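Each chain is listed here by its residues.
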Amino acid sequence: MKLILSRTMGYCKGVSRALDLATSALQEAKDAHKPVYSLGKLIHNDDTCAFFADQGMQVITGAEGHEPGLVVLRAHGVPETVRSSFVEAGFDLVDATCPVVKHNLSRISAYAPTHTILIVGHPGHPETLAMRGVQCEGKVCDTILISGPEDVGTPEPGKSYVVFVQTTFDQGLWNTIQKALREWEQYGCTMLFANEVCPSSINRRQATLELTDACDAVVVIGGKESANTRALYQLVREKGKMAWHIENETEITDDMRSYDILGITAGASTPSLVIQRVIDRLQQE
């Protein structure tokens, strides 16, 4: 069996930055004799979250019932009401929101007074929740969620709309939705598309398509909750190739070794150490 690695895989810049800030928060909390938390899972990778838990970082879902300390806000961002609740409860915030996401959140607030905000994203995804939780003039901005072409419908004639997309959304699905929304212009609507899927996600998916063409099957490594990892898996399957979505080396099966050429790729929140362990296990007879 021959293994081929994707030219782009593993941590993106936003995740790397979040982990660096979390590491610094651990030390700062230790020096100040304060507890340290992450709001929800720091990233969508159980191995990495387990490492930080071992260092003393507790995963919490809100400020209530916890001793004030340092709380790390994950890369996806958080709704403004959640941020405010921690500040009011006396917590120190370590804002690990991805700079690209943070920029988009600020633009939603800027456009809200003059445009109807459309959010294209997965329901319940942390970034989507953050975009739908932006505040303007002291209240949460009104937004409309679109998750697929079936949600597009028809607009109010003559209105001005601005569209924001979750940065890890599937590019193909985004293209389809964007095309449908452009048809709203025939109703006299102004359509402004404020951002795109993150270039890192696009590059990672293009690399996966190239990898799929060169392989008989592909192993995709990443958290089961990771939207961008699931998107990589779906890309391979849509190309008609066999694929497995695994979190680590413990999920390797003999079926994977039965292919002559096996590709390896990984989501944006997958540590290089986990990728290497998968490679090492696959190469064992």
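Residues numbered from 1 in each chain as written. Predicted model: local features only at pLDDT ≥ 70, side-chain atom pairs only at ≥ 80, totals over all residues. Heavy atoms only, no water.

### What about the overall build of the protein chain?
Link 1 in the chain: Each helix and strand in the protein chain was counted, giving 9 helices and 14 strands.
Link 2 in the chain: The C-alpha radius of gyration computed for the protein chain amounts to 21 Å, which stays within 12% of the reference 19 Å derived for 285 residues, consistent with globular compactness.
Link 3 in the chain: Within the protein chain, contacts between residues at least 6 apart in sequence are counted, and of these 74% link residues at least 24 apart.
Link 4 in the chain: Counting 26 positive and 35 negative side-chain charges, the protein chain places the centres of these two groups 4 Å from one another. (Helix = DSSP H or I, 4+ residues; strand = E, 2+ residues; numbered from the N terminus. Rg over C-alpha atoms; globule rule 2.2 N^0.38 Å. Contact = heavy atoms within 4.5 Å. Lys, Arg positive; Asp, Glu negative; His and termini not counted. Charge placed at Lys NZ, Arg CZ, Asp CG, Glu CD.)

### Regarding the packing of helix α7 (residues 199-214) against helix α8 (residues 227-238)
The geometry of a pair of packed helices is captured by two quantities: the angle between their axes and the separation between those axes.
Link 1 in the chain: As a packed pair, α7 and α8 sit with axes 10 Å apart at the nearest point and diverge in direction by 30 degrees. Regarding the angle of α7 to α8, the classification is roughly parallel. The interaxial crossing formed by α7 with α8 has right-handed handedness. Between α7 and α8, the residues in contact are R204, R205, T208, L209 and T212 and N228, A231, L232, L235 and V236, respectively. (Axes fitted to C-alpha atoms, helices over the stretch in contact; angles between N-to-C directions. Parallel < 35°, antiparallel > 145°, perpendicular 65-115°, else oblique. Left-handed = near helix turned anticlockwise from the far one by under 90°.)

### What about unusual backbone geometry?
Link 1 in the chain: Here H33, not a glycine, exhibits a phi torsion of approximately 55 degrees, which is positive.
Link 2 in the chain: You can see H33 is positioned in the loop between α1 (13-32) and β2 (36-39).
Link 3 in the chain: In this structure H33 comes out as exposed when scored by relative accessible area, which is 73%. (Buried < 20%, exposed > 50% of the residue type's maximum accessible area, 1.4 Å probe, protein only.)

### Considering the packing of aromatic side chains
Link 1 in the chain: Enumeration according to the criterion identifies 7 aromatic pairs in this entry.
Link 2 in the chain: Measuring from ring centre to ring centre gives 5.1 Å for F86 and F91, while their planes differ by 90 degrees; the resulting arrangement is edge-to-face.
Link 3 in the chain: What makes F86 buried here is its relative accessible area of 0%.
Link 4 in the chain: One aromatic cluster in this structure is built from Y37, F86 and F91. (Phe/Tyr/Trp six-rings, centres within 6.5 Å; stacked < 30°, edge-to-face > 60°.)

### Re the sheet that holds strand β13 (residues 242-246)
Link 1 in the chain: Pairing in this open sheet of 4 strands is parallel, and the strands run β1-β14-β12-β13 from one edge to the other. Each end of this open sheet is capped by a strand with a single partner; those strands are β1 (2-5) and β13. Taking the axes of each pair of neighbouring strands and ignoring which way they run, one obtains an average angle of 25 degrees across the sheet.
Link 2 in the chain: Relative to strand β14 (residues 261-266), strand β12 (residues 217-221) is paired through 5 bridges, and the arrangement is parallel. Note that in β14 the partner of V220 across the bridge is T265.
Link 3 in the chain: On top of the sheet, α7 reaches β1, β12 and β14; it is set at about 170 degrees to β14, its chief contact.
Link 4 in the chain: α8 contacts β12, β13 and β14 of the sheet and is inclined by roughly 165 degrees relative to β13. (Pairing = 2+ DSSP bridges.)

### Section: the pattern of salt bridges
Link 1 in the chain: This model, assessed by the stated rule, comprises 10 salt bridges.
Link 2 in the chain: Note that K41 and E225 form a salt bridge whose closest N and O atoms lie 2.9 Å from each other. With K41 in the loop between β2 and α2 (46-54) and E225 in the loop between β12 and α8, this residue pair connects regions lying 184 residues apart in the sequence.
Link 3 in the chain: Look at E225 and you get partly exposed, because its relative accessible area is 43%.
Link 4 in the chain: With a shortest N-O distance of 3.1 Å, K224 and E251 are connected by a salt bridge. Taken together, the positions of K224 in the loop between β12 and α8 and E251 in the loop between β13 and β14 put the pair 27 residues apart, joining distant regions of the chain.
Link 5 in the chain: The exposure class of K224 is partly exposed, given its relative accessible area of 39%. (Salt bridge = Lys/Arg side-chain N within 4 Å of Asp/Glu carboxyl O.)

### Re the environment of T8
Link 1 in the chain: Checked against the element boundaries, T8 lands in the loop between β1 and α1.
Link 2 in the chain: Owing to a relative accessible area of 18%, T8 belongs among the buried residues under this scheme.
Link 3 in the chain: In sequence terms T8 and K34 are 26 residues apart; their C-alpha atoms lie 38 Å from each other.
Link 4 in the chain: Not counting the four nearest positions on each side in its chain, T8 is found in contact with N203, R204, A207 and T265.
Link 5 in the chain: Reaching out from T8, the side chain makes a polar contact with the side chain of N203 at a distance of 3.5 Å. (Polar contact = N/O pair within 3.5 Å; in protein donor to acceptor, adjacent residues only side chain to side chain.)

### Describing the nonpolar core
Link 1 in the chain: Core analysis: the biggest nonpolar cluster contains 33 residues, and V36, L42, F52, M57, V72, I108 and F164 have the highest contact counts within it.
Link 2 in the chain: Elements with a minimum of two residues in this core: α1, β4 (70-73), α4 (99-111), β6 (116-120), α5 (126-131) and β10 (160-165).
Link 3 in the chain: It is α1 that contributes the most residues to this core, 7 residues altogether.
Link 4 in the chain: Beyond its immediate stretch of four places on either side in the chain, F52 contacts L19, A22, T23, L26, L42 and M57. (Core = buried A, V, L, I, M, F, W, Y, C linked by side-chain atoms within 4.5 Å.)

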